[in-house]
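Overview (structure and organization)
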Amino acid sequence: MRDAHYNFKAIEAYWQQEWQRQRLFCVTESADKSKYWILDMFPYPSAAGLHVGHIEGYTATDVLGRYKRACGFNVLHAMGWDAFGLPAEQNAIATGVHPSINTQNNINAFRKQIQRVGIGIDWSREIDTTAPSYYRWTQWIFLQFFKHGLAHVENKPVWWCPKLGTVLANEEVIDGKSERGHYPVERRALRQWVLNITAYADKLLDGLAQLHWPEATLRQQKLWIGRSKGARVKFQIPNGGCLEVFTTRPDTLFGVSFIAIAPEHPAVSQLTTDEQRAAVQAYQASIAAKSDLERTDLAKNKTGVFTGSYAMHPLTHEPIPVWVADYVLMYHGTGAVMGVPAHDTRDYAFAQMAHLPIVPVIQAEKESPLPFCEPGVLIHSHEFSGLPTDEAQERITQALVERQLGEATVQYKLHDWLFSRQRYWGEPFPIIWVKEVDYQRLLQCKNSPLHEFLPIQPVTYEADGMKFYAVPLTSQHLPVTLPKVDSYQPTEGSTTPLQNADPQWLNIRINLATGAIEPGVQGASTEWIEGSREINTMPQWAGSCWYYLRYLSPHNKDRLVDPKALAYWGTPDLYVGGAEHAVLHLLYARFWHHFLFDIGVVPTSEPFTHLFHPGIILGADGNKMSKSLGNVINPNDIVDQYGADALRLYELFMGPLESSKPWSTQNIEGVARFLNRLWRTCIGPDGELSKNITQDEPSDDSKRLLHESIQKVTDAIERLRFNTAISQLMICLNGFQKEATIPKQSMEVFLQLLAPFAPHITEELWHRCGRTEAIVDAPWPKADSALCVSRQLNIPIQVNGKLRGMLVVQVPAQETEVIQAAKADAKVAPYLEQKTLIRTVYVPNKLVNFVVK
RNA sequence: GCCGGAGUGGCGGAAUGGUAGACGCUGAGGACUUAAAAUCCUUUGAUCGUAAGGUCGUGCGGGUUCAAGUCCCGCCUUCGGCACCA
């Protein structure tokens, strides 16, 4: 292969094949080398193929990986597929073809695309969340949650999306629409699996402190967890019992002029007097008819109706009117609030609407209009008057505790994680539902293998007057694979496509003593209990919560992750992926990892200590790339036209990695020219190494340029400022070309610097220079800082901060000499005449500034 | 509404408080060519001036400093996030 012109197609194909053949990027634990683990958020293999945005991220990590490797690190860079999820299932519904077929096709296309841009991946570690050998461990982790009482079943109002035929987690609902597909959602009460993430709220919050993450992402997680300290306060109500409210401002307790409860609050009908019943019921009906979007519209005026009842203030014993108001949300706190109009904006608006008293109980430092929502000093608050907010909160809470009418508590915005979907293409739950009597028999059979994941508190649900108990299958039953079904069509209510599976799969019996399972209905006996399988599947997030761990020992059959591999690789040194996962994936995965830490599976509590979000690549029109706008760039077309190296180089040259930037096919010409110029510089018209590449010693100027480039490129890669690294490489090549000849040793160093960005062309030229090892395995060049300093410098001379002249000085320059010369400079002197020199600022090797009057 | 990021030539963007606009694109002029493409050279912030050179200039208004794109205060625009969370 001795092309005279830059035949990127042949070069790229050849080296990609060669790297594969040599298994160049396959790594193993190696005690004599430091590890560097670089992790990309693995993609969902969509039918649309890899996006230029994916490539930007993978190229960035590849550049870092190749660079670290040249620096002597043992670099782990693996790839996998987050392949469960709705689009494959929607396709299955439309075509009747099993989602796994479609998924495998997409995976093959994605893998090929990634290989085509030359990303250095250890493909021996490839994982696929839909492979039974993988989801066996997803199911195993679920069973651990189950065993530790963190997974249970609730019949609760959930977001139901009729179009998708499934429920969605809070996080998957945006403005009353599904995150995927933007279909309307509604509230429905359904039986659901729930993971108790709120039990980890504090750990997830506290753990943020040790993370090197973008500030905005840390803030988003913090706000999402939404920890608020406050108190629960009981207001006694007429027919006995209490109305409990949550407040973060117990210090304003004496300013309560009403209590507002959510329209769905269970105490509404008890509290409603006969005179008010019609009005309250009409109000409830009007709220029920509204969508959540309408209800939560901030701009709307406050509404509500009086129940006719009064609750008793816990400290003053005064009667407080109880209102029903839809600005109170049933799903937060207790679904009831104490209205303190003087010190809460919402309560203030409500009180004005309802003509309720507004009693100030907090004094502001200076005159402030009501509502005043800041801390201050208490007034009109009996013995607590005069106390500052923070002290009053403690004292008043204490007073409530003494009367058993309140307690200090912490409330989270974070809700438990809705963990089941009424769909087909997801991990089946390894759970069997049995009757109460059978569960009791299981409990008595103390040596049963089925106790492996049995929780202390049974997980149950009731239907048609029957109570069902969840029995966890054992490790030996895993994986529970997806059965074949005739129809993937989503269903109404709480049935799911798995309901259509073979009854032999749906109904099984389990041997209490041995844990053996047999298909179909065969009747119970002394040894066997009968049950039916859970027919929900897990949400798409499940598989992505722990995939990175599997990269460390992807083929291990006995363990989720090999502890030896874990001890060597630790946690990823850098995790790169989109900011759109700031709360969803990153919070869920942290939760799982914290839990795995608690049960001793992993040695650290946090999975991702260093995180980076690449910016989005927009269409040439500045809009987000989308089919409907017709501004989508297909990376395959770019690779065909300009080559993978040009694509890689351009994507990183566009701008800083973290910022969003528009695509410009015109600008890619620039980097393509740069690569062509490099080729022509190295290869002569005969296809051999150019005559201009010589064994000469480099000139001082070119030596300085090279070492300056080593320094700048190295520093830029370390700081992920790839765009400036590339510009320095362009400067370097421009400089080389000004010389009559280029020393081969300089060119080889230049190729090494460019290699992480444009691995194919540099590998080719490197070998044509006569080198035999892979360019990534040549040690990264070191800058000689002594060579970087120029012997001559241009020193700007300012007068009163304005540039007036330029001085050329020899480098070890004496201050007095420089200043003398500066004063004497023909362009500067006139500005100093007739003036008094007040001050002379001299910054060595930088500038001179004369301050005159 | 609240919280955060960002505003620099015709465009993408550079610039540890120290020569604003590196590098690239585009445009203009030129060389090579029968011609074109490719390539190479010159030039390309605005403005005044024949020129030397001057003045202005990093969203707007102030401030700190010998010196501000960079730091501080107050706005505007824009992009994200949250959105009655008590």
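1. Examining the overall build of chain A
- Helix and strand counts for chain A stand at 28 helices and 35 strands.
- For chain A, buried positions account for 54% of its 853 residues.
- Summed over its atoms, the accessible surface of chain A is roughly 37,600 Å², and 51% of this surface lies on carbon and sulfur atoms.
- Seen as two clouds, the 81 positive and the 90 negative side-chain charges of chain A have centres 4 Å apart.

2. Here we look at helix α3 (residues 86–95)
- Looking at α3, one finds that the buried residues are L86, A88, E89 and A92. Along α3, the residues classed as buried sweep out an arc of 160° about the axis, all on the same side.
- On the buried face of α3, the contacting elements are α4 (99–116).
- Once α3 finishes, G96 follows within two positions and takes phi at roughly 80°, a positive value.

3. Concerning the protein's contact with RNA strand B
- T247, T248, K302, R346 and M654 are the nearest of the 52 residues found near RNA strand B.
- Here the atoms of RNA strand B within 4 Å of the protein split so that 66% fall in sugar or phosphate, with bases taking the remainder.
- For the surface near RNA strand B, the secondary structure elements donating two or more residues are α7 (215–225), β11 (242–247), α21 (665–682), α23 (722–738), β32 (792–799), β33 (802–810), β34 (837–843) and β35 (847–852).
- Among the residues making up the surface near RNA strand B, the classes are represented as 19 nonpolar, 17 polar and 16 charged.

4. With respect to the nonpolar core
- Core analysis: the biggest nonpolar cluster contains 104 residues, and F142, W193, W417, F419, Y547 and W592 have the highest contact counts within it.
- By size, the runner-up hydrophobic cluster in this structure holds 91 residues, among which are I55, I693, I717 and V776.

5. Digging into the sheet that holds strand β21 (residues 460–463)
- With respect to topology, six strands assemble into an open sheet ordered β21-β22-β20-β25-β23-β24, the strand pairing being antiparallel. This sheet does not close on itself; its edge strands, each paired only once, are β21 and β24 (517–519). Between one strand and the next, the sheet's axes are offset by a mean angle of 40°, whatever the strand orientation.
- Looking at chain direction, β21 and strand β22 (residues 466–472) are connected through four bridges and run antiparallel. In the sheet register, Y461 faces β22, and the bridge partner there is F468.

6. Observations concerning empty space enclosed by the protein
- Tallied over the entire structure, the rule returns two cavities of 30 Å³ or more.
- Space inside the largest cavity adds up to approximately 80 Å³.
- In terms of residue count, the dominant contributor to the lining of the largest cavity is helix α2 (residues 52–70) (four residues).
- Within this model, the second largest cavity holds a volume of roughly 50 Å³.

7. Focus on the packing of aromatic side chains
- The full count for this structure, using the stated rule, is 49 aromatic pairs.
- Consider the rings of Y14 and W15, whose centres lie 4.9 Å apart with planes at 80°: the pair is edge-to-face.
- Residue Y14 is classed as partly exposed on the basis of its relative accessible area, which comes to 35%.
- For W15, a relative accessible area of 6% corresponds to the buried category.
- Pairing Y134 with W546 gives two aromatic rings, centres 4.4 Å apart and planes at 15°, and the pair type is stacked. Residue Y134 is found in helix α5 (residues 132–147), and its partner W546 is found in the loop between α15 (541–544) and α16 (547–550); the two are separated by 412 residues along the sequence.
- Residue classification places W546 among the buried residues on the basis of a relative accessible area of 0%.

8. What about α2?
- Look at α2: 26 Å from first C-alpha to last across 19 residues, which is about the 27 Å you get at 1.5 Å a residue.
- With 17 of 19 residues buried, α2 lies mostly within the body of the structure.
- Where α2 terminates, the next one or two residues include G72, which has phi positive at roughly 100°.

9. Concerning the environment of V280
- With respect to the helices, strands and loops of the structure, V280 is situated in helix α9 (residues 274–288).
- When near neighbours in sequence (up to four residues on either side) are disregarded, V280 contacts V268, T272, V305, F306, T307 and V324.

10. What about the state of the cysteines?
- Tallied over the full model, the rule gives zero disulfides.
- No disulfide involves C769; its sulfur sits 6.0 Å from that of C682, the nearest cysteine.

11. A few points about the sheet that holds strand β6 (residues 166–168)
- Read across the sheet, four strands follow the order β6-β5-β9-β19 without closing on themselves; strand pairing throughout is antiparallel. Single-partner strands in this sheet number two, and they are β6 and β19 (417–418).
- Strands β5 (151–161) and β9 (186–195) of the sheet are contacted by α5, whose axis makes an angle of about 90° with β9.

12. Things to note about the pattern of salt bridges
- Following the criterion strictly, the structure yields 29 salt bridges and no others.
- Residues D573 and K35 are paired through a salt bridge, measuring 2.7 Å at the closest nitrogen-oxygen approach. Note that D573 is positioned in the loop between α17 (563–569) and β26 (574–576) and K35 in strand β1 (residues 35–40), a separation of 538 residues in sequence.
- By relative accessible area, D573 is classed as partly exposed at 25%.

13. Brief notes about the packing of α7 against helix α18 (residues 584–598)
- Put simply, α7 and α18 touch, their axes get as near as 11 Å, and they point 70° apart. Here α18 runs roughly perpendicular to α7, going by the angle between their axes. Every residue of α18 that contacts α7 at T217, Q221, W224 and I225 is listed here: L586, L587 and R590.

14. Focus: the side chain of K68
- Secondary-structure assignment places K68 in helix α2.
- For K68, a relative accessible area of 11% translates into the label buried.
- Discounting residues that sit within four places of it in the chain, K68 has contacts with Y36, F73, V75 and E718.

15. Brief notes about the side chain of R421
- Tracing the sequence through the fold places R421 in the loop between β19 and β20 (431–435).
- For R421, the side chain forms a polar contact with the main-chain oxygen of L418, separated by 3.1 Å.
- Not counting the four nearest positions on each side in its chain, R421 is found in contact with T166, V167, L168, A169, E172, N536, T537, M538, P539 and W541.

16. A few points about the pairing of strand β13 (residues 304–312)
- With seven of nine residues buried, β13 is to be regarded as a mostly interior element.
- In this structure, β13 lies alongside strand β14 (residues 319–325), joined through six bridges in antiparallel fashion. Across the sheet, residue Y310 finds its bridge partner in β14, namely P321.
- Counting the residues between successive antiparallel strands, the hairpin from β13 to β14 contains six residues, one of them, H317, with a positive phi of roughly 60°.

17. Concerning the environment of K627
- Residue placement: K627 occurs in the loop between β28 (617–618) and α19 (635–642).
- You can call K627 exposed: its relative accessible area is 77%.
- Once the C-alpha coordinates of K627 and T296 are considered, the two residues, 331 residues apart in sequence, prove to be 32 Å apart.

Conventions and cut-offs
Residues numbered from 1 in each chain as written. Chains lettered and ligands numbered in written order. Predicted model: local features only at pLDDT ≥ 70, side-chain atom pairs only at ≥ 80, totals over all residues. Heavy atoms only, no water. Helix = DSSP H or I, 4+ residues; strand = E, 2+ residues; numbered from the N terminus. Buried < 20%, exposed > 50% of the residue type's maximum accessible area, 1.4 Å probe, protein only. Areas by Shrake-Rupley, 256 points an atom, 1.4 Å probe, with all protein chains shown as cover. Lys, Arg positive; Asp, Glu negative; His and termini not counted. Charge placed at Lys NZ, Arg CZ, Asp CG, Glu CD. Arc of directions from axis to C-beta. Contact = heavy atoms within 4.5 Å. Near = heavy atom within 4 Å. Nonpolar A, V, L, I, M, F, W, Y, C, P; charged D, E, K, R; others polar. Core = buried A, V, L, I, M, F, W, Y, C linked by side-chain atoms within 4.5 Å. Pairing = 2+ DSSP bridges. Axes fitted to C-alpha atoms, helices over the stretch in contact; angles between N-to-C directions. 1 Å grid on protein atoms, 1.4 Å probe; cavity = no way out; pocket = protein on both sides within 12 Å on 5 of 7 lines; lining within 4 Å. Points joined across faces, edges and corners; volume = space filled by probe spheres on them. Phe/Tyr/Trp six-rings, centres within 6.5 Å; stacked < 30°, edge-to-face > 60°. Expected span 1.5 Å × (residues − 1). Disulfide = S-S within 2.5 Å. Salt bridge = Lys/Arg side-chain N within 4 Å of Asp/Glu carboxyl O. Parallel < 35°, antiparallel > 145°, perpendicular 65-115°, else oblique. Polar contact = N/O pair within 3.5 Å; in protein donor to acceptor, adjacent residues only side chain to side chain.

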